[in-house]
Amino acid sequence: MYDAPKLETALDQQDIKISADKVQVYYGETHAIKDVSVEIEDKTVTAFIGPSGCGKSTFLRTLNRMNDTIDICRVQGNILLDGEDIYHAKVDPVQLRAKVGMVFQKPNPFPKSIYDNIAYGPRIHGLANSKADLDVIVEKSLRRGAIWDEVKDRLHAPGTGLSGGQQQRLCIARAVATEPEVLLMDEPCSALDPIATAQVEELIDELRKNYSVVIVTHSMQQAARVSQKTAFFHLGNLVEYDDTSKIFTNPSDERTESYITGRIG
Amino acid sequence: MSDATIDPVTQPAPKRSSLHQTDARTRKRNAAEKRFKAYGICAIAVGIFFLVVLAVSIIRSGLPAFTQTVVSVEFTMTQDQFDAAEGELFKTKAYSAFFNNALVETLKEKGLEVESDAKAFERILGKTGGTLREFYRANPDELGKEVDFELSASSRVDGYMNGRLTRDNMEDSRFLEAADLDIVDAMITAGIIKETFNWNFITGADSGVDNPGGAGIGASVVGSFFMMLVVLCLSLPIGVAASIYLEEFAPQNKFTDLIEVNISNLAAVPSIVFGILGLAVFIQFMHLPQSAPLVGGLVLTLMTLPTIIISTRASLKAVPPSIRDAALGLGASRMQAVFHHVLPLAMPGILTGTIIGLAQALGETAPLLLIGMVGFVARGYPEGFISGFTDPNSAMPAQIYTWAARADVGFYEKAWGGIIILLIFLLTMNILAVILRRRFERRW
Amino acid sequence: MPLSWLVIIVLAVSAVGYYLGRSRALAAAGGNSRDLHSLPSYYGANVLMKIIVPAFGVMVIWLLAQPLIIDRSVASMIPPSEIDEGASIGLVMAEVNRTAEGIRNAVAEGTMSREMAEDGRAEFVDFTQRLKDAGQIVTSNLSATIVRAAQRTNEMVAAGNMYMTALVLLIAAAGLGWGVKEAKPLFRARNVVEQGIRALLIGAASIAILTTIGIVFSLAFNTVEFFRLYNAWDFLFGVEWAPSFSGRGGSSSLGVIPLLWGTFYISIVALAVAIPVGLFAAIYLSEYASPKVRAFAKPMLEILAGIPTIVYGLFALLTVGPLLVEIFGEGGWLGVNWQGGGRAVMTAGIVMGIMLIPFVSSLSDDIINAVPQSMRDGSYGIGATQSETIRQVVIPAALPGIVGAILLAASRAIGETMIVVLGAGAAARLSLNPFEAMTTVTAKIVSQLTGDSDFASPEALVAFALGMTLFILTLCLNVIALVIVRKYREQYD
């Protein structure tokens, strides 16, 4: 924490990992995110919920500058990672993304072997000095992705040959392999069946021990199951951000209540 | 989740490297990124560079084909001189002598002394006597009047005028000797030699192998035109019919698959193979005339059909199924739905594809060589419209090849000039296609 | 009666038939078209179809078959003694056909009377002289047998044309009768007409198959003929290419190996130019270029694809060749004396490479664009740079498609003709020096078939064997490429 403003460490004494302040996002003329301020805690699962098109995925993508790949997208406001502005001119998005990994809606394994899928990140970031190092990282990551037992005998088979749930866990393992500090998940279970979803949710709970996890989800049950903090987005605004238990039992905003009870969305 | 809980590896201490400092590895990676991007820019630049070089060499070498060097001499031939010349045994020689005399006189008036060398004059201006005699025999009333007589200079002199030939690089030959250039220089000083636009190149027919100056591309333009007419009349209806069948009616079966495979394969068969097909089937087997635009057109039709079918099917596919459903819902038969609704909507796309196919066919050379549309000097234009299809003729690209293959370097210039004409045609067709697409393009 | 008249008459009959069919159907329904099964015009079209299709069908078949039958029957008239040593019956028949045409032209011009043209006992010398005067024959060694055969040909042609005219008119009339008789209110004219149109559409689509069959047969027949005259083994594995110019065979060496080597060598040079440039251009255009740059650079590159190959040929012969000699030739910029003449493997290869750049780039561009964005996102999400993503994720994912594109480009290179005819030279050589002139399969097809040698000699027939080689080679490449590309597209659809 260099010269960052003293941030309020509320509730249960967690560190603030990411702090967003008055963030605006524009897609061309469209004002997609309006004035969002939020503080994401370390070693916590934070869920973003809200109706389709409310901007929760867009906001998630600003957290590791994935929006840079879209030409017409502009971001204003401050987003600090450990007190450092991630939109600062000196920041290389490549370095940033090594710290803030991302898992996507659809499992997207590379057309390579399972081993190479995992080893891809460590290789490009130079995390392994030798083949043995890399082997260790791959095994560790696959274990952390809770898929090691299923694939340890076929590490050199193509990653695209796995089932959907396995593919998504492979992608999570791949994201973990670069040892990020934050893991962003964009509806990681929307393409999975209930059993695979349960496995991934269990995995997310495990990951909380080491990472700050931010998950965008359409399913309120999922948010209630896996997260400690929940943010409710509506029409590009952050309506309410609080402990998950509070959001789901006693929301302070009526829009949140309407959504939770199924009247909007 | 057993394997996650038995994870033996403990989390390493979090790295606290600042995001605001780019580490060495990232710098290296960014440098690699820049290099990679530079390769891409280089590749594009190389491609465009080649295009520019090609364009420059076409224009620089081709433009001289459109100019022609002419020498104009004013003189008067009297009735007596005419009779005297007609009385000689070698009539044209007498005319030549007369002309040479007039030329020397003209130069002398401008204060330039030139030796009257009949051989040299012939090398510069060709056989002047014959031209002169023809002129006076055709226009006897011009006798006794002063006429401004224009004669085109030989191709070597042409080359000297436009810089292809210099005193340094020339070699004495029966076509031109170094001393002749003195005479040409004298003519330049006298101002009686000048460059004019060479209409003959655009309208004329090919000339003999030793007369590059007289060669024109006109006859082969006509040949190409007839060929394109054949291609258009055959490939458009056949291509559209085939596409309609495949896109709208064909059932999913082996026969349809066979047609599809054949079409995609024919699109990639080398053009020379189509030439062999034309030679064997149309000329050997069906006894159609050699070198005829009809046969050329047939071969090119077979060649362009796959292209046209592929683009036509794409435009048919672009018409949304809702249009068909609407027509069928009103009780139209499938045939009526297709011909009344789908086809008209797809027409702009079909025409665009057809024009592009035609442009491809227009530039195709190899198959034409095999069916004999090459090395042929068309004597005069086709007399009737119908005979234009069956009379031997050349085509633009074949004519260009003929010139390029000749020994006399004077023809190279003509070949480049021919390319300019060919490219103008292609450009026009492509622009037409683009305009058509812009104007009628419909987004569903 | 000239053919065009016959065509016009049939068309006229069909127009009448259309009108009759339409009006008869209407009349039968008492002028109320609602009582008809189909629109009145369909009844007309039914008649039209029943006249035109059979009449023209018979006409085309007749026109194709007639020359064959006449040739065969006339050929039997010619005694074997008439055929010169080394010549074939084909040559004599060509002479006969030329003479027959000459006689017809002479009659048409009026230099010969019809009676004389048909007179089987006409004075032979006088006859020939008249033909010569009319400018209709060039050869002087017409024999009496040939003239008689020519006369016989003309007789048969005239008779054949007459029968054909009669038959076609008869069929047209029958069609008219049939169609008009059918024009009754309950007749399902539309269905019948649509069946007919459908058959036409199928016919049009089958032309692709017919073309392939035509290619295979015209190559196969002549190739078999060639192998009868020349040992197939010597052709396929011979390392020397030296056709004799006498056109009589015997002393020719016609080995395909040097030609194949030249073809491959030039194609390799071409691909060495086209693949890196085309691939990097495609990568830049699809991954980096801003929409503006793309809108400019892509069409610019595609212009290269629209330029006819003859232009590239001339470019090789007159611009690139001399330039290379200036660089690599004697007293050139590099001071090495590697290249003797403008025509060389390098010349043709480089220019062909330029031609293939847009081919490789636009195919690869399509294929790279087909790689799903989610894959790129996955890579960026881990923190890969764009070039790392392209090299390690996009290209491996697109690899099958790119390989297919390259195979198609290779097939193009192997089949390319004009560039090698003008730029590569005419000497068949087995050499590794890229600055030497070499020749290719396509260049030799052109030179063997555009010469004056007659079609029955091995020197000419070898071109068909070469064509067969070329066809099989490119066919294999195309099929493999198409299968790979199709598999690739299915993977991401």
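Definitions and cut-offs
- Residues numbered from 1 in each chain as written.
- Chains lettered and ligands numbered in written order.
- Predicted model: local features only at pLDDT ≥ 70, side-chain atom pairs only at ≥ 80, totals over all residues.
- Heavy atoms only, no water.
- Helix = DSSP H or I, 4+ residues; strand = E, 2+ residues; numbered from the N terminus.
- Buried < 20%, exposed > 50% of the residue type's maximum accessible area, 1.4 Å probe, protein only.
- Contact = heavy atoms within 4.5 Å.
- Lys, Arg positive; Asp, Glu negative; His and termini not counted.
- Charge placed at Lys NZ, Arg CZ, Asp CG, Glu CD.
- Rg over C-alpha atoms; globule rule 2.2 N^0.38 Å.
- Patch = residues over 30% accessible without salt bridge, like charges linked within 9 Å, V, L, I, M, F, W, Y side chains within 5 Å.
- Areas by Shrake-Rupley, 256 points an atom, 1.4 Å probe, with all protein chains shown as cover.
- Salt bridge = Lys/Arg side-chain N within 4 Å of Asp/Glu carboxyl O.
- Domains from an automatic or database assignment.
- Pairing = 2+ DSSP bridges.
- Right-handed = clockwise from strand over helix to strand, strands pointing away.
- Phe/Tyr/Trp six-rings, centres within 6.5 Å; stacked < 30°, edge-to-face > 60°.
- Lys NZ or Arg CZ within 6 Å of the ring centre and 35° of its normal.
- Buried area = accessible area lost by both parts, 1.4 Å probe.

Participant: Could you give an account of the overall build of chain C, naming the residues involved and the relevant values?
Facilitator: A count of helices and strands for chain C gives 17 helices and two strands. Projected onto its principal axes, the C-alpha positions of chain C cover 85 × 75 × 40 Å. For chain C, with 493 residues in total, the buried portion stands at 50%. In chain C, 72% of the contacts between residues at least 6 apart in sequence involve partners at least 24 apart. Separation of charge centres in chain C, based on 32 positive and 35 negative side chains, amounts to 13 Å.

Participant: An account of the overall build of chain B is requested, with residue identities and associated values reported.
Facilitator: A count of helices and strands for chain B gives 19 helices and three strands. Taken over C-alpha atoms, the radius of gyration comes to 33 Å for chain B, far larger than the 22 Å a tight globule of 444 residues would show. Summarising its shape, the C-alpha atoms of chain B cover approximately 120 × 70 × 40 Å along the three principal directions. The buried share of chain B, reckoned over its 444 residues, is 50%. For chain B, the proportion of contacts with a sequence separation of at least 24, taken over those separated by at least 6, is 77%. Separation of charge centres in chain B, based on 38 positive and 43 negative side chains, amounts to 16 Å.

Participant: Account for a negative patch on the surface, naming residues and giving values.
Facilitator: All names here are of chain B. A contiguous patch of negative charge on the surface is contributed by Glu74, Glu105, Glu109, Glu146 and Asp148. Elements that contribute at least two residues to the negative patch include exactly α4 (91-109) and β2 (146-152). Considering the arrangement of structural elements, one finds glutamate 74 in strand β1 (residues 67-76).

Participant: With reference to specific residues and values, describe the domain arrangement of chain B.
Facilitator: The domain boundaries assigned to chain B delineate domain 1 (67-197) and domain 2 (218-440). Using only C-alpha atoms to locate each centre, domain 1 of chain B and domain 2 of chain B end up separated by 48 Å.

Participant: Can you explain the pairing of strand β8 (residues 212-216) of chain A? Please cite residues and give values.
Facilitator: Walk down a regular strand and you will see the side chains alternate between the two sheet faces. All names here are of chain A. The buried fraction of β8 amounts to five of the five residues, a majority that puts the element mostly inside the structure. What you see with β8 is no split at all: Ser212, Val214 and Val216 on one side and Val213 and Ile215 on the other are buried throughout. Pairing geometry for strand β3 (residues 45-49) and β8, over four bridges, is parallel. When the sheet's bridge partners are listed, valine 45 is paired in β8 with valine 213. As paired strands, strand β7 (residues 182-186) and β8 are joined by five bridges and run parallel to one another. What sits directly across from methionine 185, in β8, is isoleucine 215. Handedness of the β-α-β unit built from β7, helix α7 (residues 194-207) and β8 comes out right-handed.

Participant: A description of the packing of aromatic side chains should follow, citing residues and the corresponding values.
Facilitator: What the rule picks out here adds up to 28 aromatic pairs over all chains. Pairing phenylalanine 75 of chain B with phenylalanine 98 of chain B gives two aromatic rings, centres 5.6 Å apart and planes at 85 degrees, and the pair type is edge-to-face. Linking phenylalanine 75 of chain B in strand β1 with phenylalanine 98 of chain B in helix α4, this pair joins segments that are 23 residues apart in sequence. You'll find phenylalanine 75 of chain B and phenylalanine 98 of chain B in the same group, each marked buried. Its guanidinium or amino end placed over the ring of tyrosine 241 of chain A, lysine 229 of chain A lies 5.1 Å from that ring's centre, counting from NZ or CZ. Above the face of the phenylalanine 411 of chain B ring, arginine 406 of chain B is positioned so that its terminal group lies 4.6 Å from the ring centre.

Participant: How would you sum up a nonpolar patch on the surface? Please name residues and give values.
Facilitator: Residue and element names in this part refer to chain C. A cluster of nonpolar side chains, Leu210, Ile213, Val216, Phe217 and Phe221, forms an exposed patch at the surface whose accessible area comes to about 490 Å². Along the chain, phenylalanine 221 falls in helix α7 (residues 189-229). The exposed category is assigned to phenylalanine 221, whose relative accessible area is 57%.

Participant: Tell me about the environment of valine 7 of chain C, and please be specific about residues and values.
Facilitator: All names here are of chain C. Among the secondary structure elements, valine 7 is positioned in helix α1 (residues 3-28). Take valine 7: its relative accessible area is 25%, and that puts it in the partly exposed class. Remark: the alpha-carbon pair of valine 7 and isoleucine 52, spanning 45 residues in sequence, is separated by 9.7 Å. When neighbours within four sequence positions are excluded, valine 7 is seen to be in contact with Phe56 and Met59.

Participant: For the environment of aspartate 42 of chain A, give the residues involved together with the corresponding values.
Facilitator: All names here are of chain A. Residue placement: aspartate 42 occurs in the loop between β2 (30-41) and β3. Under the relative-accessibility criterion, aspartate 42 is labelled buried at 14%. Taking the C-alpha atoms as reference, aspartate 42 lies 4.6 Å from serine 212; in sequence the two are 170 residues apart.

Participant: Run through the interface of chain B and chain C, naming residues and quoting values.
Facilitator: Contact with chain B, which involves 72 residues of that partner, is made by 79 residues of chain C. Of the roughly 6,700 Å² buried at the junction of chain B and chain C (both faces included), carbon and sulfur atoms supply 79%. At the junction of chain B with chain C, the criterion picks out one salt bridge. Residue glutamate 388 of chain C is joined to arginine 29 of chain B by a salt bridge in which the shortest nitrogen-to-oxygen separation is 2.8 Å. The greatest single-element share of the side of chain B that touches chain C, amounting to 20 residues, is contributed by helix α2 (residues 24-62) of chain B.

Participant: Give a description of the pairing of β1 of chain B that names residues and reports values.
Facilitator: Residues and elements named next belong to chain B. In terms of burial, β1 is largely enclosed, as seven of its 10 residues are buried. Where β1 and strand β3 (residues 193-197) come together, five bridges link them in antiparallel fashion. In the strand pairing of β3, valine 71 is matched with isoleucine 193. Two strands pair when backbone bridges link them, and β1 and β2 are joined in this way by seven bridges, in the antiparallel orientation. Among the inter-strand pairings, serine 72 is bridged to a residue of β2, identified as glutamate 150.

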